[in-house]
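# Survey of secondary and tertiary structure
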Amino acid sequence: MNIMDFNVKKLAADAGAFLSRAVQFTEEKLGQAEKTELDAHLENLLSKAECTKLWTEKIMKQTEVLLQPNPNARIEEFVYEKLDRKAPSRMNNPELLGQYMIDAGNEFGPGTAYGNALIKCGETQKRIGTADRELIQTSAINFLTPLRNFIEGDYKTITKERKLLQNKRLDLDAAKTRLKKAKVAEARAAQLNTSQPEENNIMVNVSYVLNLLHVKWLKIWAEEVTKSEQEVRITQSEFDRQAEITRLLLEGISSTHAHHLRCLNDFVEAQMTYYAQCYQYMLDLQKQLGSFPSIFLSNNNQSSSAPVQSVPAPSVLASASASLPSLSNSVVTSGISELKSSSGSRKARVLYDYDAANSSELSLLADEVITVYSIPGMDSDWLMGERGNQKGKVPITYLELLN
């Protein structure tokens, strides 16, 4: 029974406080009550916190879109995160594309130029997919999680304390309003004439009784003024204390900015690593494929008798120097020049796959060794190649001359 009485009293007190705040808030909006303004420093801190929260949310959401463009996948990850369960592992877009390319290359035949190229492209796409997973994981841990912790942790605490500050401010202003009204009533009561009348008649006696009642009211309002003054002191102390708590929390925003700066550096570093990996993967793939698409399209638009210079493939000088460090560029260049000026032949290793554009050319597979020689009148960018009983023109940039 006592617990129920306590709960009822507490509920009534809370309801009374809520009603008092609602009345004060309404009167402030209508311009019928004064409002205690926060100091300029605290207002600036509040504005800075709101601005930080707004832009942190926007950056966080757009980063999620960047890392996972598929909205359905983002919703699925959000649901699994709220259920505290691990989302099922699925192939991402580069990995899926890479698997399709590998399957197609195996279907067409790894020994064919197109099938071999598809397999190599597929393997590169799968490596890019793996790098993409690493970027997402690193960014989520080092960048998105700290931003989310601020929104769902620190800023929620700031919002809670700010609401408490608003309530304390309303309580203070309501107490000031009650004190002001009590003082006005006390002043009116003090103006009443409380002297006893000399004449003995009914009207005078009635007036005397009313004066006595006003005196009692004066005492009541005096007590009300004293009570209101005490209430103002208490609410002012609570407001000042809550303002200090809120200020200390808001001053932590600067530390939050410093922490987010470090997280931003980690995110940039993760992106830099990802793009560097992708660039290296594609550079290696380009070295393997050479300039096949450009050569193929160019040769389709020209007559079969006109040799086409390959573009842009890695230089044979660079490839030769990379695979044979003891060989200088001048030696490789002089080797080709000597071969063209002589009537002899040399062995050459094929650097990249090459698909013949017409019957006068010879298709090549990477790493195979063929015999090459020059014939009078041939274009300077081409040599004649032989593999068994097959022969045809081959581009110099696809070859590495052997000793």
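Residues numbered from 1 in each chain as written. Predicted model: local features only at pLDDT ≥ 70, side-chain atom pairs only at ≥ 80, totals over all residues. Heavy atoms only, no water.

## A word on helix H4 (residues 93-108)
The end-to-end C-alpha distance of H4 is 22 Å, a good match for the 22 Å that 16 residues give at a rise of 1.5 Å each. Listed as buried for H4 are Pro94, Glu95, Gly98, Met101, Ile102 and Gly105. The arc that holds every buried residue of H4, seen down its axis, measures 125°, which confines them to one face. Every exposed residue of H4 that faces more than 90 degrees away from the buried side is listed here: Asn93, Tyr100 and Glu107. Downstream of H4 by one or two residues, Gly109 has phi in the positive range, about 115°. (Helix = DSSP H or I, 4+ residues; strand = E, 2+ residues; numbered from the N terminus. Expected span 1.5 Å × (residues − 1). Buried < 20%, exposed > 50% of the residue type's maximum accessible area, 1.4 Å probe, protein only. Arc of directions from axis to C-beta.)

## With respect to the packing of aromatic side chains
For any pair of aromatic rings, the description rests on two quantities: the centre-to-centre distance and the angle between the ring planes. One pass over the full model with this rule turns up six aromatic pairs. Between Phe108 and Tyr114, the ring centres sit 5.4 Å apart and the planes meet at 25°, which makes this aromatic pair stacked. On the basis of relative accessibility, which here comes to 48%, the residue Phe108 falls in the partly exposed class. Between Tyr352 and Tyr398, the ring centres sit 5.6 Å apart and the planes meet at 85°, which makes this aromatic pair edge-to-face. Of this pair, Tyr352 sits in the loop between strand S1 (345-350) and strand S2 (369-373) while Tyr398 sits in the loop between strand S4 (390-395) and strand S5 (399-401), and the two are 46 residues apart along the sequence. Residue Tyr398 is classed as buried on the basis of its relative accessible area, which comes to 0%. Ring pairing ties together the aromatic residues Tyr352, Tyr354 and Tyr398, which thus form one cluster. For the cation-ring pair, Arg127 lies above Tyr281, with the distance from its terminal atom to the ring centre recorded as 5.6 Å. One cation-aromatic arrangement involves Lys393 over Trp382; the distance from NZ or CZ to the ring centre is 5.5 Å. (Phe/Tyr/Trp six-rings, centres within 6.5 Å; stacked < 30°, edge-to-face > 60°. Lys NZ or Arg CZ within 6 Å of the ring centre and 35° of its normal.)

## Examining the nonpolar core
Grouped together as the largest cluster of nonpolar side chains are 20 residues, with contacts concentrated most on Leu364, Ile370, Val372, Leu383, Val394 and Leu399. For this core, the secondary-structure elements that each account for two or more residues are S1, S2, strand S3 (382-387) and S5. Counting 19 residues, the second-largest nonpolar core is a separate cluster that includes Leu45, Leu46, Leu179 and Leu250. (Core = buried A, V, L, I, M, F, W, Y, C linked by side-chain atoms within 4.5 Å.)

## Quick look at unusual backbone geometry
Phi is positive for Asp367, which is not a glycine, with a value near 75°. Tracing the backbone through its elements, the reader meets Asp367 in the loop between S1 and S2. Note on Asp367: relative accessible area 53%, which makes it exposed.

Treat this as a map of the structure, not an account of what it does.
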